[in-house]
Structure formats: structure tokens, C-alpha cells
Amino acid sequence: MPKPPSNILERRATMLEQEIEDRARRIAQMEDEEPPMSEPLTPEKAREMFYASPLGDQADAMFWQVHDQVLSQTGDATQAEKQALEAVYPERARLVGVGLAPLDIQVKRAEELRRLVDRAGGE
């Protein structure tokens, strides 16, 4: 074990650095865990949330309408898809942690969600 720095400022900086690393490690571990007291997501519940839309039967048509409108205004397909999903299928972003989880975890969750939805629908 290395000898601790003798300068008080160096010791405090070392302690602060260790505390920051420890907190970062704990946060990273928590991001990929289910919240306490949460229910596991069943295939049927995943399918219900995946297709939930305030627009009902018009959801698919409205998705493409919003998508095409944003795409024509911005030329950005990613932004078009994001805005269309937010407007038509708001639960999908929440299910995968958009804006909350790192991108690699979002992708992992989206793949798991797709498998759950497919299993529930018998597709």
C-alpha cells in the first residue's frame, strides 16, 4: 500500500478522488438494476406498454405523419423518430430509459423489450 501524501491538501485531494470514484462505481451499478419494490416486466405488460398510445387506433398513422413532418423540417432521421415516439408512443422511451440510462444500456433494454413484446404477441 502506497504511503499517504504528507501534505494536507494532497491527502484531501486523494480522499476526494477516492470518494468520487466510489460514488461513480455505485451509480453505474445502480443504473442497471431494477428499482426496489418494482414488479418484473411480464411479456404481456411489456406488450401493453409498448403499444400504449393516447391516439388509439390512429397511432401508427400519426407516428409516420409526425416522423415525416419532423424529417422534412430537420433532415435528421434520429430526431424525427424520437419526436414521433414521444408524441405517439410515450411509454416506449420510458421503458428503455431514454435520457436516464447510458446509450449502451438503452440499446440492451430495447432489445430485451423487443423480445418480450414479440413473445407476448406470438410473433
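In this report, the structure presented in the accompanying data block is examined. Everything numeric here is computed off the predicted structure, so don't read it as measured data. (Residues numbered from 1 in each chain as written. Predicted model: local features only at pLDDT ≥ 70, side-chain atom pairs only at ≥ 80, totals over all residues. Heavy atoms only, no water.)

### Regarding the overall build of the chain
When helices and strands are tallied, the chain shows six helices and zero strands. Of the regular secondary structure in the chain, the N- to C-terminal order runs α-α-α-α-α-α. Across the 123 residues of the chain, 20% fall into the buried class. Counting every atom, the chain has about 9600 Å² of accessible surface; 55% of that belongs to carbon and sulfur. (Helix = DSSP H or I, 4+ residues; strand = E, 2+ residues; numbered from the N terminus. Buried < 20%, exposed > 50% of the residue type's maximum accessible area, 1.4 Å probe, protein only. Areas by Shrake-Rupley, 256 points an atom, 1.4 Å probe, with all protein chains shown as cover.)

### Things to note about the packing of aromatic side chains
Tallied over the full model, the rule gives three aromatic pairs. When the centroid spacing of 4.9 Å and the interplanar angle of 90 degrees are considered together, the rings of Phe63 and Trp64 count as edge-to-face. Overall, the relative accessible area of 48% leaves Trp64 in the partly exposed class. Ring centres of Phe63 and Tyr89 lie 6.4 Å apart, and the angle between their planes is 45 degrees; this geometry places the pair in the tilted category. Of this pair, Phe63 sits in helix H3 (residues 59-74) while Tyr89 sits in the loop between helix H4 (77-88) and helix H5 (90-96); the two residues are 26 residues apart in sequence, bridging distant segments of the chain. Residues Phe63 and Tyr89 agree in their burial class; the two are buried. Counting every residue linked through ring pairs, the aromatic cluster contains Phe63, Trp64 and Tyr89. The positively charged end of Arg92 is found above the aromatic ring belonging to Phe50, 3.7 Å away from the centroid. The ring of Tyr89 is capped by Arg92, whose NZ or CZ atom sits 3.8 Å from the centre of that ring. (Phe/Tyr/Trp six-rings, centres within 6.5 Å; stacked < 30°, edge-to-face > 60°. Lys NZ or Arg CZ within 6 Å of the ring centre and 35° of its normal.)

### Some words on the pattern of salt bridges
Within the structure shown, the criterion is met by six salt bridges. Linking Glu48 and Lys45 is a salt bridge whose minimum nitrogen-to-oxygen distance equals 3.6 Å. Here Glu48 and its partner Lys45 are both found in helix H2 (residues 43-51), three residues apart, which amounts to about one turn of the helix. Residue Lys45 is classed as partly exposed on the basis of its relative accessible area, which comes to 39%. The salt bridge involving Arg94 is made with Glu91; its shortest N-O contact spans 2.7 Å. You can see Arg94 and its partner Glu91 sitting in helix H5, three residues apart, about one turn around the helix. For Glu91, a relative accessible area of 24% corresponds to the partly exposed category. Ionic contacts of the salt-bridge type, sharing partners, join the residues Glu19, Asp22, Arg23 and Arg26 into one network. (Salt bridge = Lys/Arg side-chain N within 4 Å of Asp/Glu carboxyl O.)

### Structural notes on helix H6 (residues 103-121)
Taking 1.5 Å per residue as the helical rise, H6 with its 19 residues ought to reach 27 Å, and the 27 Å between its terminal C-alpha atoms agrees with that figure. Buried within H6 we find Ile105, Gln106, Leu113, Leu116 and Val117. The arc that holds the buried residues of H6, viewed along the axis, is 100 degrees, so those residues lie on one side. Across from the buried face of H6, at angles greater than 90 degrees, the exposed residues are Asp104, Arg115 and Arg119. Along its buried surface, H6 packs onto helix H1 (8-31), H2 and H5. (Expected span 1.5 Å × (residues − 1). Arc of directions from axis to C-beta. Contact = heavy atoms within 4.5 Å.)

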